[in-house]
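What follows is each chain in one-letter form.
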Amino acid sequence: MSTDFQTARVSLGARLRELRTEAGLNGKEMAGRLRWQPSKISRLENGKQTPSRTDLEAWAAAAGQPEATAELQGRLQGLETQYRTWRRQLANGHRSRQELAVAETARTQMIRGVEVARIPGLFQTADYARHLFTANAVFRNTPRDTESAVRARMQRQGALYEAGRSFRFVVWEAALYAQVCPPEVMAAQLDRLCGLIGMDTVELGIVPFTAPLQRTPAHGFWIYDERLVTVETINAELWLDDADSISLYTRAWTWLHESAVHGHPAQRLIARARAHLTLP
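What you see is a predicted model, and the numbers here were worked out from it, not measured in a lab. (Residues numbered from 1 in each chain as written. Predicted model: local features only at pLDDT ≥ 70, side-chain atom pairs only at ≥ 80, totals over all residues. Heavy atoms only, no water.)

**Considerations on the packing of aromatic side chains**
1) Next: If you walk through the whole model with that rule in mind, you get seven aromatic pairs.
2) Next: On the basis of an interplanar angle of 70° and a centroid distance of 5.2 Å, the ring pair of Phe123 and Phe169 is categorised as edge-to-face. Taken together, the positions of Phe123 in the loop between strand 2 (110–115) and helix 8 (126–140) and Phe169 in strand 3 (residues 166–172) put the pair 46 residues apart, joining distant regions of the chain.
3) Next: Among the residues examined, Phe123 registers a relative accessible area of 0% and is labelled buried.
4) Next: Judged by relative accessible area, which is 0%, Phe169 ranks as buried.
5) Next: Taken together, Phe123, Phe169, Trp222 and Tyr224 form an aromatic cluster joined through their ring pairs.
6) Next: The ring centre of Trp36 lies 4.0 Å from the NZ or CZ of Lys40, which sits over that ring.
7) Next: In this arrangement the basic side chain of Arg112 is found over the ring face of Trp253, its NZ or CZ atom lying 5.7 Å from the centre. (Phe/Tyr/Trp six-rings, centres within 6.5 Å; stacked < 30°, edge-to-face > 60°. Helix = DSSP H or I, 4+ residues; strand = E, 2+ residues; numbered from the N terminus. Buried < 20%, exposed > 50% of the residue type's maximum accessible area, 1.4 Å probe, protein only. Lys NZ or Arg CZ within 6 Å of the ring centre and 35° of its normal.)

Okay, here's the thing in structure tokens:
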């Protein structure tokens, strides 16, 4: 969970505490009015739990200030915009999130990204993407709309062929070896990567296992122009648009980019990974 998210949640909790104390209620009394456990009051006020919109409406009413509902829910919306749980995003399957990615890509001139353990979605073959979507749906127990999700991801890749666009990605060498699909699917995926090198809209750098690093490639992230950073965690996706976060992630991308090899050296690393595959 991001520090910015937690700070904002603590701030919301402090506002809830303020409303309670203004009403002259202690925590136990507030719990009684709401018919909640006292522990929930404590968790919300201390920023240990994210309230629902219904929780906030009930809190404002119990504090005798129902007019504060709009303010509280506005604060919550800010949290939800930044911290988007996968449970909510994938409630109806993967397609809707892929369509959102298509829209974000369409309004972006340059995307910079880092991937540590997989091939960037913009560079994936349909078969490779299909295996990732299927495994993710099983892991998260979400609806399987695999084929429509794959079609949306392939649609997004049309941007690679539009003049004036720039897609600058850094991939750790480990991603070339991660067996997330059958060997024949991985072989086709690696061939696809080699074919992208040399396109005027694409810059693909591979960070070798042996490269000197100014910082480790801890996790993947994408930077959309100078306006947005997205970061995937196991339970949520962060959408960060503040200047400090964008600057920090840009520096992380730059440092990893400096450790990467490009052009023919990158193709040689990809070919070496392909040679390790045991094909049927």
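**Digging into the pairing of strand 2**
1) Next: Extensive coverage of strand 2 is indicated by the burial of five of its six residues.
2) Next: Of the pairings in the sheet, the one linking strand 2 to strand 3 comprises six bridges and is parallel in character. Each bridged residue has a counterpart across the sheet, and for Ile111 the counterpart in strand 3 is Phe167.
3) Next: With four bridges joining them, strand 2 and strand 5 (residues 221–224) adopt antiparallel strand pairing. What sits directly across from Ile111, in strand 5, is Tyr224. (Pairing = 2+ DSSP bridges.)

**So, the sheet that holds strand 3**
1) Next: Spatially, the seven strands line up as an open sheet ordered 1-7-6-5-2-3-4, and their pairing is mixed. At either margin of the open sheet sits one strand with a lone partner, and together these are strand 1 (83–85) and strand 4 (202–207). For this sheet, the mean angle separating the axes of adjacent strands, direction not counted, is 15°.
2) Next: Relative to strand 6 (residues 228–232), strand 5 is paired through three bridges, and the arrangement is antiparallel. In the strand pairing of strand 6, Trp222 is matched with Thr230. (Axes fitted to C-alpha atoms, helices over the stretch in contact; angles between N-to-C directions.)

**Describing unusual backbone geometry**
1) Next: With a phi close to 60°, Arg35 is a non-glycine residue in the positive phi region.
2) Next: Turning to its location among the elements, Arg35 is positioned in the loop between helix 2 (27–34) and helix 3 (38–45).
3) Next: Judged by its relative accessible area of 80%, Arg35 falls in the exposed class.
4) Next: With phi around 50°, Asp225 is a residue other than glycine that occupies positive phi space.
5) Next: Take Asp225: it is sitting in the loop between strand 5 and strand 6.

**Some remarks on the nonpolar core**
1) Next: Residues Met30, Trp59, Phe221 and Val229 are the most contacted members of the largest nonpolar core, which totals 39 residues.
2) Next: When near neighbours in sequence (up to four residues on either side) are disregarded, Val229 contacts Phe221, Trp222, Ile223, Leu238, Trp239, Leu240, Ser245, Ile246 and Tyr249.
3) Next: Residues Phe123, Leu190, Val202 and Trp239 belong to the second largest nonpolar core, which totals 33 residues. (Core = buried A, V, L, I, M, F, W, Y, C linked by side-chain atoms within 4.5 Å. Contact = heavy atoms within 4.5 Å.)

**Remarks on helix 3**
1) Next: Along helix 3, the positions that sit buried rather than exposed are Lys40, Ile41, Leu44 and Glu45. Here the buried residues of helix 3 occupy an arc of 125° about the axis, which is enough to place them on one side.
2) Next: At the C-terminal side of helix 3, Gly47 shows a positive phi close to 70°. (Arc of directions from axis to C-beta.)

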